[in-house]
Each structure stands twice: as C-alpha cells, then as structure tokens.
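Examining the three-dimensional arrangement
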Amino acid sequence: MAEPGTVQEVVRVQPADVAVDPAVAGLIYLEARLADEARYSEWESLWADDGLYWVPMHPGDDPEVTLSYIYDNRRRIKSRVAQLNTGTRHSQTPPSVMRRTISNLEVVARDEDTTTVASNFALYEYRYAMTVWAGRYVHRVQLTDAGPLLVAKTVHLVNAGGALPTMSFLI
Amino acid sequence: MTVTAAPVSRPHDVTALVEPDRVHGAVYTSPEVFELEMKRIFREGWVFVAHESEVPEKGDYVTRRIGGEPMVVARGKDGVVRVLANRCTHRGNRLCNAEKGNSSSFRCPYHGWTFGNDGKLVGVPMRDGYGDRLNAVREELGLVQAPRQESYGGFVFASLAPTGISLLEHLGNATKAIDRLLDLSPTREIQLSAGWMKHHNNCNWKMVMENNVDGYHALFTHASVYDAVRPAKVSHVPSKVEVLVRDLGNGHSEIDYEPEYTRLDEEFIWYGRLPREKAPEYVAAMEAAHGPAKAHQALVSGPPHTLIFPNLFLAEMNVMTVEPLNAGETIAFTAPVLIPGAPEINTKTLRRTEGAMGPAGFLIADDGEIGQRNQMGLAAQDPEWVVLSRGSDTDVDDETGRVNHDKSAETPQRGWWKHWAGVLAGSRG
C-alpha cells in the first residue's frame, strides 16, 4: 500500500475511440428506429447473409455450451421477422410502442471493411405499462458496395441475470 | 357522497371453487387462495427444487426458493446433496447471495458466522462472548435442512413438512415420464447445466403450468409459428392424429405423442425430424447402451410432455419450473436437457430451446401474453366460472390413468384441479 500523500504509479487507459464512421453510425441509428417502429422487413434488410443476433444471459457466456435468450442466425432472423409479420404474434399484436436512445458510441475494433461499435442504450417500451430496458449493444457493421450491412448485434441486458418480461419485439 | 370500493377479499371454501368440469375464477386471482397454496402445496407437499447435475462437484451450490423461502442446494464435502434454508441461524441474514457457485463453506458477512457446505456451524467469531451458552446449542445452530428430501432420476424434490407421503407415492405414474426422458440418454443421465431462462409472467402460476398440457390452444395461440415458420411436428387437429391426453393421477398429466410417433414409426419427429445420419455418435451410443431395437423405440417415442404437480414440467427436451410470486405474477424457469457425451445433439438442443422457449421464444412469448390477458379477463367477476368440460364424456380409464384420445380434451386440467382441491382441503399430497 502506498504511503499517504505519495502518488502511485498507475497505468493510464486511453480515451475511447469515438471516430465512428457516419455510415456506420447511420446504420446503427436506422436499425434502432426500424426496430422501434416495428418495420420488421425493412429491419431484416439491414442484415448481412451471415448475420448473428445474440442476447446472452451473462456477459462472457459461450453460446456453444450456455443457453442464451436469443441466438438467431440469419435463417432464424428471417423466421423471427416472418412470425412478427403475420399479425398474430400475440405478444406483439399490436406492436409495443417503443423508443430507444443509443449513446456512448465507441469503436472497439476495426479492420478493412468491418467496424465493431459498442454503445449504451435505454429502451422505453409501452404495452400495458411502461417497461424500461437498458444495456450495452455491440454492433459489427460491414461496409460493402451495396452500403453498410449488419453482421452481428449482441445485446447485453443489464437485467439479463434476472427474470425478463416478455421480449418478443426486436430488442 | 363518495363511494369507496373496498377490495374484494373473501375467505374461500376451496372445495367449493372446484367442480368436476369447471373451476371458479378465484382460484387464479384470490390472495387468500394463493397463501393457502403456498402452505399446503409448496411448503407441505413435494416440490421440485433442482437437478443433481446442477451441482456435479463437491462444494457446488445453487440458490432457489420454495414457496417464497430462500434455499441453498449444496453438494457437501461428503458428496451428499442437501436442500438447506438460506438463512444465517444467528440473525437471519440471507447467507448465500449468488445464483450458483462452489464453496466449501458459507460465511455470513454480517457477523462472520461460518457454516460448512453440509450445513454445520463451523465458526463463530469471538466465541468467548457467548460464555457457555453457545456450546449448549451449537449443534442446533446448523443451517436448517428441508425436513424431507428425495430424488428420482436426479430430480431433487423437497418438502418443508416433516411428515407426509413418500416421493414415490407422490410421483405415482409420473415416474414413467422421467424414465422416458432418461431413456434418451445412453448413460440414463441428463444434464441441466446450460442455465435457466427466467421469464416473468403476469399471470397466476397455475395458468403457466396448466397451459403446458393444454392440447387445445396451439392452433390458435401459436398459429403465427405454423403459418410463417414451420408446420407443427404433427398436426394439432385432433382428428388427424393419435395423440392422447392423460390424467396420470395426483395432479400429474401429459400430452402423449408416442402413439402417433409409433404409428408413423419414425425417429426424431420430436427433434425437428432430424435424420439419424446427422447425429451418428449419439445414435451409436444409444444402440451400444440399449441395443438397436430399444434404441430405435426410444428415438421414435421421444421425450415426455408431462406436467408433474405442482411445479415441474418435462417439456420434451426442456425442463420448466415455476416460482409463484403472488396470485398474479410468476417466474417461469426453463433449461434445456443435455445428454452427457452427445455434443452434436446438445448444441442443437440449446438452439431449439432458444427458438421455442423463454421471453423471446417463438412459442412461449405468446403463451406469456395470453396468460397475462387471461389474468386481466378474470378481473371480470361475472361469469364466475371457467369451463373445463371438453371431452368429459369421452374420457376412458385404463391402467395408465384417465385417457382421452382427443388431444384437445381438457382431461389434464380436470385431473390437476381435482388433486389441487384435495390438497388445499388438507389431504396431504
């Protein structure tokens, strides 16, 4: 332990990389708005062919051995949207009224054409009453000739360890 | 003049709330009924608590609640699994606050009292302050163990009452359903090690349980899945299939797909019609363990779809249990059933559980919604009754229980409620 009054040597962490490409940020915000507005097919069109939509139960879980709340490959994303589009997905009929805000965008990885952005979100869902959802998003976005595409979206809910209300909207 | 409505709170004669083919809405809404259920069913009766595979190593523990009471299920250094009250015997602090973990002892952070994972009190700081008083009662100050605890097929059940019927008497015909699940494992062991999804339902716990053996609702509640995603494994139209519903007695009941699967003589219908070539190691292990004929039959018959009163549902390749919070709120827990040494099946099972079950599941999310609307609808006090007469005239009794060959018959519900009324009236179940 350091003596009182002395300065300890600390490892300084670097400030976040907030230089998010506007095209990438634009996709993240569009994805949020289409989900909020229950524009399911348009939301689906943002996904790359190998997209993965994941809501784990704990940060650091290995989806090969641990159950997740959602672990949708591209095919299941399509099924999820198809079910929502029937109009008889009772838990989203009518769709919840929602708005979410996304903030604290940080680039956590980037290579030639792909950027991974982490952010915080708060989502207000009104159905029979107001439910507040919050957590951390990790979006992996690929810039292609056809525009930016969503390769992966992971949602770490702050309350993932507790009992969740029905969550059949697009979180 | 201002009229203030008093809350409706009436003592209920529970036996008057249940008739052979209808039940009074108060069974779902009354706080008094709920309190009586917690006492008679959840504290005095046998309830499912955990599966032994959740605490495979010495020192492993999980925390649970039985009728609202916090419990620790711990495997002691002697290898014995115990269901212990999660309450420091000193001042009552909740001792163990993690969902699960491994620890040789539990130390209370309040005054440092320490208990072995077998429940024994092993340490009291500054003991001298008690003089001789502590030594006299030290043996009695271990963690309180559930008065009764028994297992079947690794499923640990407990009762907080010291006397009553044995677990085997309680399970009765339902042991066959557990056996049927174990038959799908080459070692006859299963693992509930992938974690539990927790889904908060705004409805009564019995609605969550009963719905699991309701063969009538799928065509309506789940139409969106069959319309947009994939057809049901076999038709939900009763006249098209040989699917039975069965009241097994003691409140247990099931939807039995086996006759239809056997008629089709096709393996894995219950598992997305997986071709056996896609699971060669698992099939080989099954054949090595059981012989080709028995393995084939097990893979045709598939897992149980069986409700074990009051809080265990063998949901095919999932296990579901419920924690009632109050008359209108319930947490449903769902875990996939994994098979030791069959990774090619297990990862697929995880994906199937996520697809169907839990708060975002293609099926269960809608059951949660319908349950909530059911609870809202029951706030209307007239009509007073809920109708459960479907198939009453076509039930047939045989050695397996009370059977109806129309899968949409409300036979399971009638069995549930008859038993429920008996238990609440004081006959030990």
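Note that residues are indexed from 1 along each chain, following the sequence as it is written. Chains carry letters and ligands carry numbers; both start at the beginning, A for chains and 1 for ligands, and go up in the order they are written. Reporting of local features is limited, given that this is a predicted model, to residues whose pLDDT is at least 70; pairs of side-chain atoms are given and counted only at 80 or more, and all residues count toward the totals for whole chains, interfaces and linings.

1. Here's the deal with the overall build of chain A
- A run of DSSP states H or I qualifies as a helix once it reaches four residues; a run of E qualifies as a strand once it reaches two. Both are numbered from the N-terminal end. Looking only at helices and strands, one finds 3 helices and 6 strands in chain A.
- The secondary structure elements of chain A, listed N-terminal to C-terminal, are α-α-β-β-α-β-β-β-β.
- C-alpha extents for chain A along the principal axes are approximately 65 × 40 × 35 Å.
- Working definition of burial: number of other C-beta atoms within 10 Å of the residue's own, with buried at 20 or more, exposed at 12 or fewer, and partly exposed in between, all C-beta atoms being placed from the backbone. Residues counted as buried form 35% of the 171 residues belonging to chain A.
- A residue pair is marked as a contact if its C-beta atoms, positioned from the backbone, fall within 7 Å. For chain A, the share of sequence-separated contacts (at least 6 apart) that also reach a separation of at least 24 residues comes to 54%.

2. A look at the pairing of strand β11 (residues 148-152) of chain B
Residues and elements named next belong to chain B.
- Note on pairing: DSSP must find at least two bridges between two strands before they are called paired. As paired elements, β11 and strand β12 (residues 155-159) share 5 bridges and run antiparallel to each other. Directly across from Arg148, in β12, lies its bridge partner Ser159.
- Where β11 folds back onto β12 in an antiparallel hairpin, the turn is made up of 2 residues, including Gly153, whose phi is positive at roughly 60°.

3. Some words on the interface of chain B and chain A
- Facing 30 residues of chain B, the contacting portion of chain A comprises 27 residues.
- For the side of chain B that touches chain A, the secondary-structure elements that each account for two or more residues are β13 (197-201), α8 (223-228), β19 (329-336), α12 (343-356) and α13 (364-377) of chain B.
- Broken down by element, the side of chain B that touches chain A gets its largest block of residues, 6 residues, from α12 of chain B.
- Here the side of chain B that touches chain A is built from residues that sort into 14 nonpolar, 10 polar and 6 charged. By the convention adopted, Pro, Cys, Tyr, Trp, Phe, Met, Ile, Leu, Val and Ala count as nonpolar, Lys, Arg, Asp and Glu as charged, and the other residues, Gly among them, as polar.

4. Details of the pairing of strand β3 (residues 97-110) of chain A
- Here β3 of chain A pairs with strand β4 (residues 114-126) of chain A via 11 bridges, running antiparallel. Across the sheet, the residue bridging to Glu106 of chain A is Ala118 of chain A, located in β4 of chain A.

5. Description of the sheet that holds β4 of chain A
Residue and element names in this part refer to chain A.
- Here 6 strands make up an open sheet; going across it, the order is β2-β1-β6-β5-β4-β3 and the pairing mixed. Both edges of this open sheet fall to β2 (68-72) and β3, since each of them pairs with a single strand only. Going across the sheet, the axis of each strand differs from the next one's by a mean of 20°, ignoring polarity.
- To obtain an axis, a line is fitted to C-alpha atoms, over the contacting stretch when the element is a helix, and the angle between two such axes runs from 0 to 180 degrees between their N-to-C directions. Against the sheet, helix α1 (residues 22-36) touches β3, β4, β5 (130-144) and β6 (147-157), its axis set at about 155° to β3.

6. A short note on helix α14 (residues 411-424) of chain B
All names here are of chain B.
- Along its 14 residues, α14 runs 20 Å from first to last C-alpha, staying within 8% of the 20 Å computed at 1.5 Å per residue.
- Across the 14 residues that make up α14, a large majority, 11, are buried.
- Of all the positions in α14, only Thr411, Pro412, Gln413, Arg414, Gly415, Trp416, Trp417, His419, Trp420, Val423 and Leu424 are classed as buried.
- At the C-terminal side of α14, Gly426 shows a positive phi close to 115°. Each residue after the first adds 1.5 Å to the expected span of a helix.

7. Some words on the domain arrangement of chain B
Residues and elements named next belong to chain B.
- Domain segmentation is taken from an automatic or database assignment of domains. Along its sequence, chain B is carved into domain 1 (50-152) and domain 2 (173-424).
- In this structure, domain 1 and domain 2 have C-alpha centres spaced 34 Å apart.
- Counting residues at the interface gives 5 residues for domain 1 and 7 residues for domain 2.
- Its residues assigned to classes, the side of domain 1 that touches domain 2 shows 1 nonpolar, 2 polar and 2 charged.

8. A short note on helix α3 (residues 74-85) of chain A
- End to end, α3 of chain A covers 16 Å across 12 residues, agreeing with the expected 16 Å (1.5 Å per residue, within 8%).
- All of the buried residues along α3 of chain A are Ile77, Arg80, Gln83 and Leu84 of chain A. The buried residues of α3 of chain A all sit within an arc of 125° when viewed along its axis, so they share a single face.
- Turning to α3 of chain A, the residues buried within the fold contact α2 (40-44), β1 (47-56) and β2 of chain A together with α8 of chain B. It is the directions from the helix axis to the C-beta atoms whose arc is reported.

9. Things to note about the packing of helix α10 (residues 280-290) of chain B against helix α11 (residues 292-301) of chain B
Residues and elements named next belong to chain B.
- The N-to-C vectors of α10 and α11 enclose an angle of 125°; their axes lie 7 Å apart at closest approach. Of the possible angle classes, the one that applies to α10 and α11 is oblique. Read as a crossing pair, α10 and α11 show a hand that is right-handed. On α11, the residues that touch Met286, Glu287 and His290 of α10 are Pro292, Lys294, Ala295, Ala298 and Leu299.
- Of the residues in the contact of α10 with α11, the class split is 5 nonpolar, 1 polar and 2 charged. If an angle is under 35 degrees, it is roughly parallel; if it is over 145, roughly antiparallel; if it lies from 65 to 115, roughly perpendicular; otherwise it is oblique. Left-handed describes a crossing whose near helix is turned anticlockwise from the far helix by less than a right angle; the clockwise case is right-handed.

10. Overview of the environment of Arg110 of chain A
Residues and elements named next belong to chain A.
- Positionally, Arg110 belongs in strand β3.
- For Arg110, a count of 16 C-beta atoms within 10 Å translates into the label partly exposed.
- Distance from Arg110 to Arg140, taken between C-alpha atoms, is 9.1 Å for residues 30 residues apart in sequence.
- Ignoring sequence-local partners within four residues, the contact set of Arg110 consists of Thr115 and Thr116.

11. Some thoughts on the nonpolar core
- By convention in this section, buried Ala, Val, Leu, Ile, Met, Phe, Trp, Tyr and Cys residues joined through C-beta atoms within 7 Å make up a nonpolar core. Ranked by internal contacts, the top residues of the largest apolar core, which has 142 residues, are Val49, Val73 and Val156 of chain B.
- Apart from residues no more than four positions distant in its own chain, Val156 of chain B is found in contact with Val49, Ala50, His51, Glu52, Val73, Val81, Val83, Gln149 and Ser151 of chain B.

12. Concerning the sheet that holds strand β5 (residues 69-75) of chain B
Residue and element names in this part refer to chain B.
- Judged by pairing direction, the sheet is antiparallel, and its 4 strands sit side by side in the order β6-β5-β4-β7 without closing on themselves. One side of each edge strand has no neighbouring strand; the edge strands of this open sheet are β6 (81-85) and β7 (100-102). Between one strand and the next, the sheet's axes are offset by a mean angle of 30°, whatever the strand orientation.
- Bridging between strand β4 (residues 60-66) and β7 involves 3 bridges; their strand directions are antiparallel.

13. Things to note about the environment of Asn73 of chain A
Residues and elements named next belong to chain A.
- As for its position among the elements, Asn73 is in the loop between β2 and α3.
- For Asn73, a count of 14 C-beta atoms within 10 Å corresponds to the partly exposed category.
- A sequence separation of 17 residues divides Asn73 from Pro56, and the C-alpha atoms of the two residues are 14 Å apart.

14. Thoughts on the environment of Ser224 of chain B
- Along the polypeptide, Ser224 of chain B turns up in helix α8.
- The exposure class assigned to Ser224 of chain B is buried, which follows from the 23 C-beta atoms found within 10 Å.
- Setting aside residues up to four positions removed in sequence, Ser224 of chain B forms contacts with Gln83, Thr86, Thr88 and Arg89 of chain A.

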